[in-house]
Amino acid sequence: MFPMARVFVTRRIPQSALDRLQAEATVDVWPEPLPPPYEELRRRVADCEGLLCLLTDRIDADLIAAAPRLRVISQMAVGYDNIDVAAATARGIPVGHTPGVLTETTADLTWALLLATARRLLDGVRSIEAGQWRTWDPLGLLGTDVHGATLGIVGLGRIGAAVARRAVGFGMCILYTGPREKPDVAAGVGATYVDFDTLLRESDIVSIHCPLTPETRHLFDARAFARMKPGAILINTARGGIVDHEALLEAVRSGHLGGAGLDVTEPEPLPADHPLMHQERVIVTPHIGSATVRTRTRMANMAVDNLLAGLRGERLPYCVNPEVYTKNGRG
Ligand code: GLV
């Protein structure tokens, strides 16, 4: 049965990974540049044993219920808030993701955004494009120093720690918060654990690296922004839903915040006429944290490793719900 397993892949992925998958399964690849609409996705998955999906696909309980043969869901991303993991677990379906391979690449992008926002690179480019570069201006485009500043990291996981390692080179004071202390990781970068409000109060730059969960949805709301230092900068390369964008806009417009760099928004894409897209001191990039040739190729291959393991009835190398194995006595 395994060679005949049917798999739906929700977008074109790097070819080397697709080749490996096609060698072992009957693969239906969604050919369009935009994600399959929900109903189409549901229809295509209905008779599949395997699903290789992306963070742009809503994999909810209804979709899972409509796919009685589904044996494995493999997401080509580290985050999986788009998947109803509880519904998958209830069916004994393992869910795979791609941790680790994108850590350093996403940390690089975080730093690109952090530096660009603090030093107002986009405002500078926009001013040139608007014909406003007339002289060296002692009061023009003043930003925030990064070196020696206090960096507050929300979530010292893999990516948060990689961002912190880079901050050491900038002589930054590093604070972090999260559900629990990470003494070993923190010691390596000289980071200090503080509660959320202390981090907001003390940090010149706050960078978000926690997952989106019911607890972190709109963690950054008007109350949180009011507690941040005047002139502080917010960087988000995690998930857009962690930030209340209306409250952020107000905090930047009022001059309370010194700027924001967002690689993630809610929704994605943010409408082209959304005020944050045109706001001075704000940089929005189109969710490109892991977007390098090498990293996307690794992610795709890791997603295929997970998918093939699931089709073979083997334990997924990177499984977000390993309890499916104990519950079902497998693995
Ligand atoms: C990207 O956002 C990912 O979760 O991999």
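Residues numbered from 1 in each chain as written. Predicted model: local features only at pLDDT ≥ 70, side-chain atom pairs only at ≥ 80, totals over all residues. Heavy atoms only, no water.

A. Quick look at the packing of helix α5 (residues 103-118) against helix α7 (residues 158-168). Look at α5 against α7: their axes get within 8 Å of each other, and the N-to-C directions meet at 55°. Classified by the angle their axes make, α5 and α7 are oblique. The hand of the α5/α7 crossing is right-handed. Residues T103, E104, T106, A107, D108, T110 and W111 of α5 lie in contact with α7, whose contacting residues are R158, I159, A162, V163, R165, R166 and A167. Grouping the amino acids of the contact of α5 with α7 by side-chain chemistry returns six nonpolar, three polar and five charged. (Axes fitted to C-alpha atoms, helices over the stretch in contact; angles between N-to-C directions. Helix = DSSP H or I, 4+ residues; strand = E, 2+ residues; numbered from the N terminus. Parallel < 35°, antiparallel > 145°, perpendicular 65-115°, else oblique. Left-handed = near helix turned anticlockwise from the far one by under 90°. Contact = heavy atoms within 4.5 Å. Nonpolar A, V, L, I, M, F, W, Y, C, P; charged D, E, K, R; others polar.)

B. Examining the pattern of salt bridges more closely. This model, assessed by the stated rule, comprises 21 salt bridges. The partner of E49 in a salt bridge is R69, and the shortest N-O contact between them spans 2.6 Å. Here E49 is found in the loop between α2 (38-45) and β3 (50-53), whereas its partner R69 is found in the loop between α3 (61-65) and β4 (72-75), with 20 residues between them in sequence. Residue classification places E49 among the buried residues on the basis of a relative accessible area of 2%. (Salt bridge = Lys/Arg side-chain N within 4 Å of Asp/Glu carboxyl O. Buried < 20%, exposed > 50% of the residue type's maximum accessible area, 1.4 Å probe, protein only.)

C. How the structure looks around the site of the ligand. The environment of the ligand is formed by L55, A77, V78, G79, L102, R239 and H287. Residue G79 places a main-chain N or O atom 2.8 Å away from an oxygen atom belonging to the ligand. Between H287 and the ligand, the recorded distance is 2.7 Å, taken from a side-chain N or O atom to an oxygen atom. Taken together, the residues that form the shell around the ligand break down as four nonpolar, two polar and one charged. (Near = heavy atom within 4 Å. Polar contact = N/O pair within 3.5 Å; in protein donor to acceptor, adjacent residues only side chain to side chain.)

D. Molecular detail of the state of the cysteines. What the rule picks out here adds up to zero disulfides. Between C53, a free cysteine, and C48, which holds the nearest cysteine sulfur, the sulfur-to-sulfur gap is 12 Å. Exposure remark for C53: the relative accessible area of 0% places this residue in the buried category. (Disulfide = S-S within 2.5 Å.)

E. Structural context of the domain arrangement of the chain. Looking at the chain, the domain boundaries give domain 1 (6-101 + 293-327) and domain 2 (103-284). Relative placement of domain 1 and domain 2: their C-alpha centres are 31 Å apart. Facing the eight residues of domain 1 at the interface are five residues of domain 2. When the two sides are added together, the surface that domain 1 and domain 2 hide from each other amounts to roughly 590 Å², 44% of it contributed by carbon and sulfur. Taken together, the links from domain 1 to domain 2 amount to one salt bridge. A salt bridge links R239 to D81; the shortest N-O distance between them is 2.8 Å. Here domain 1 is connected to domain 2 by three residue pairs in polar contact (both at pLDDT 80 or more). (Domains from an automatic or database assignment. Buried area = accessible area lost by both parts, 1.4 Å probe.)

F. Main features of α2. For α2, the complete set of buried residues consists of Y38, L41 and V45. Summarising the axial view, the buried residues of α2 lie within an arc of 60°, below the 170-degree limit, and thus occupy one face. Exposed residues lying more than 90 degrees from the buried face of α2 are E39 and R43. In this structure, the buried residues of α2 make contact with β1 (6-9), β3 and α3. (Arc of directions from axis to C-beta.)

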